[in-house]
Amino acid sequence: MALVNSTVPPALRRKRRRERARTLAFLSPWLVGFGFFFLYPLVSTVYFSFMHYDGFTAPTFAGLQNWTYVLTDYPSFWKGMGNTLWLVVVMVSLRVVFGLGVGMLIIKVKSGAGFFRTAFYLPYLAPPVAATMAFAFLLNPGTGPVNHLLGELGLPQPGWFTDPSWSKPALTLLAMWGIGDLMVIFMAALLDVPTEQYEAAELDGAGGFQRFRYVTLPNISPIVVFAVVTGVIQTMQYYTQAIVAGKVASGVIGGSGQQFEPGYPHGSTWTLPQMVYNLGFQRFDTGSACVVAVILFALSMAFTSILLRRKSGFTNED
């Protein structure tokens, strides 16, 4: 190797060094951002998960005590895990299907497409706290207009955010209401599907479902994968809507001296991000909070790896 390097002219070596320096200079903003905002927090979280640390005193090594406490002794950990996985599977699936369906319907509208695009996109712009509070009042089992309308139609009137069996479906309805982001993405992908393929499929006698399966879906599959992956990552961080809905439904909207049961009702909206906040900022147990954060990261990576295990997920090749 030394013999090979010695045969390289000094001018060429200097040119290569300048090219490397130029490349690093262009990459430096990304490298700095990646190091400070991803790599350092990740390494620190893993480090503190093995430490006793309350955020004030110096951390001390605790071994696997934090992991043992969270996985075996911390109340409602597995309840929060189950709720989070339920939201990931059900909420993400329904949002993707509903967003795709709305996008397909709007591009078929002959007149008024702009109005429908605006009507479906505006809810996505609503602040999460305000939207959740409005939904909680609309779905109030006693005074909400939704249950009043269901009663007039002779249909069952669920308890929604006050019923453990209906609280997560109510949060899913809230998520589907704010479907504007996925609708816009899917509309752009659907409009990009070559019309020649639809015409060829019609000439071959393909029906509506067959055209969707063999023409539409293969062309928009990268966008579907993108929507699912980003939806999983966002839902693994699901915090604001669940905590606000529980507080509004329980009557604890704010103020000092009020007691609130996290995950109201009966732990049905208790999620892993709420657990991180409870451990880190209410109990000052930073080490255990970091354990939950590491578990969240591992679950997100696992879901993403499963969804992207085939390279063809981002291409149309089989």
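Scoring rules and cut-offs
- Residues numbered from 1 in each chain as written.
- Predicted model: local features only at pLDDT ≥ 70, side-chain atom pairs only at ≥ 80, totals over all residues.
- Heavy atoms only, no water.
- Helix = DSSP H or I, 4+ residues; strand = E, 2+ residues; numbered from the N terminus.
- Contact = heavy atoms within 4.5 Å.
- Phe/Tyr/Trp six-rings, centres within 6.5 Å; stacked < 30°, edge-to-face > 60°.
- Buried < 20%, exposed > 50% of the residue type's maximum accessible area, 1.4 Å probe, protein only.
- Lys NZ or Arg CZ within 6 Å of the ring centre and 35° of its normal.

Draft legend 1. Expanded view of the side chain of T172. In this structure, T172 sits in helix 8 (residues 167-177). In this structure T172 touches W86, M91 and L94, once residues within four positions along its chain are discounted.

Draft legend 2. View of unusual backbone geometry. Cis peptide bonds are those with omega within 30 degrees of zero, and the linkage from Y264 to P265 qualifies with 0°. Located in the positive-phi region is W160, a residue other than glycine, with phi close to 50°. Locating W160 in the fold gives a position in the loop between helix 7 (145-152) and helix 8. Of note, H266 is a non-glycine position whose phi angle comes to about 55°, a positive value.

Draft legend 3. Quick look at the packing of aromatic side chains. This model, assessed by the stated rule, comprises 15 aromatic pairs. Centroid distance F48 to Y53: 4.9 Å. Interplanar angle 15°. Geometry classified as stacked. With a relative accessible area of 23%, Y53 lands in the partly exposed category. On the numbers, 5.4 Å between centres and 70° between planes, the contact of F115 with F116 is edge-to-face. Note on F116: relative accessible area 34%, which makes it partly exposed. The rings of W30, F34, F38 and F297 are connected pair by pair, giving a single aromatic cluster. Sitting above the plane of the W86 ring, K168 keeps its charged end 5.7 Å from the centroid.

Draft legend 4. View of the environment of F38. Mapped onto the elements of the fold, F38 is located in helix 2 (residues 10-48). Residues contacting F38, with those up to four places away along its chain left out, are G33 and F297.

Shape descriptors only; they carry no functional weight alone.
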